[in-house]
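Reading the structure
Here is what each chain is made of, one letter per residue.
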Amino acid sequence: GGSFMVKESLIENSDFAEITELCRKAVKPGGVAAIFIDWRQLPALYDAIQWGGWVVRGLIPWDKKNARPQPHRPKQQCEFIVWASNGPLDVKRDAEYMPGLLQGLPPSAQVRTHQTEKPLDVMRQLVHICENGGRIIDPFAGSGTTICAAYLEGFGGLGIERNKYHAEKAQD
């Protein structure tokens, strides 16, 4: 197993810690996880990841650039990516240097096939958190953007999606 990425994280589900533990068991020691999350669910996600046996390594902001203005408060234009490793992280691992901030416009409602679909250019940057030549597992594949990015950047990939409609669209 390689690394896994999650594009949608509904922390209300008390089984999320169990899911992260199952994913960790499928990932080799030193492999990484990257999970997208809204700021409101960030504390619960940190807990769930650690309960699943992962070592939290950091937070990568994704600047969506086009958030709606909100009167008398800042725009909510960032989503966050929590990244973690399955145990110790080898500092000499074969992975590329990455920026500390990802930027890219989310797909518009007119073109996206899944409500939490991420932009391909952002996912193409993010897959490089994994070791070169590794395999990426997306247990919530949605529109399939993560797996598409993985193949475009030279990684193997496996997407899992329980919704038949989205699974078929992702294969297109």
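Refer to the structure printed above.
Predicted model only: the values in this text are computed from it and were never measured.

The next point concerns the overall build of the chain. Broken down by element type, the chain carries five helices and seven strands. Going residue by residue from the N terminus, the α and β elements of the chain occur as β-α-β-α-β-β-β-α-β-α-β-α. Its C-alpha radius of gyration of 15 Å places the chain within 12% of the 16 Å reference for a compact globule of 172 residues. Counting only C-alpha atoms and orienting by the principal axes, one finds that the chain spans roughly 45 × 35 × 35 Å. Looking at the chain as a whole, 44% of its 172 residues are labelled buried. Approximately 9,500 Å² of the chain is accessible, and the part contributed by carbon and sulfur atoms is 52%. The average position of the 20 basic charges and that of the 20 acidic charges among the side chains of the chain differ by 3 Å.

Our focus in this paragraph is the pairing of strand 7 (residues 156–159). Looking down a regular strand, the side chains alternate between one sheet face and the other. Where strand 6 (residues 135–138) and strand 7 come together, four bridges link them in parallel fashion. Within strand 7, the residue paired with isoleucine 136 across the bridge is glycine 157. What joins strand 6 to strand 7 is helix 4 (residues 145–152), and the crossover it makes is right-handed.

This part takes up the nonpolar core. A general feature of soluble globular proteins is that nonpolar side chains tend to end up buried together. Among the nonpolar cores identified, the biggest contains 18 residues, and Ile60, Ile81 and Leu126 are the most heavily contacted of them. Contacts of isoleucine 60, omitting those with residues within four sequence positions, involve Glu79, Phe80, Ile81, Trp83, Gly100, Leu102, Leu126 and Ile129. The next biggest cluster of nonpolar side chains, apart from the first, holds 15 residues, and it includes Ala17, Ala33, Ile35 and Trp54.

Those residues of helix 2 (residues 42–51) that fall on the buried side of the exposure criterion are Leu42, Leu45, Ala48 and Ile49. Down the axis of helix 2, the buried side of the element spans an arc of 120°, and every buried residue falls inside it. Exposed residues lying more than 90 degrees from the buried face of helix 2 are Pro43 and Trp51.

Thresholds applied
Residues numbered from 1 in each chain as written. Predicted model: local features only at pLDDT ≥ 70, side-chain atom pairs only at ≥ 80, totals over all residues. Heavy atoms only, no water. Helix = DSSP H or I, 4+ residues; strand = E, 2+ residues; numbered from the N terminus. Rg over C-alpha atoms; globule rule 2.2 N^0.38 Å. Buried < 20%, exposed > 50% of the residue type's maximum accessible area, 1.4 Å probe, protein only. Areas by Shrake-Rupley, 256 points an atom, 1.4 Å probe, with all protein chains shown as cover. Lys, Arg positive; Asp, Glu negative; His and termini not counted. Charge placed at Lys NZ, Arg CZ, Asp CG, Glu CD. Pairing = 2+ DSSP bridges. Right-handed = clockwise from strand over helix to strand, strands pointing away. Core = buried A, V, L, I, M, F, W, Y, C linked by side-chain atoms within 4.5 Å. Contact = heavy atoms within 4.5 Å. Arc of directions from axis to C-beta.

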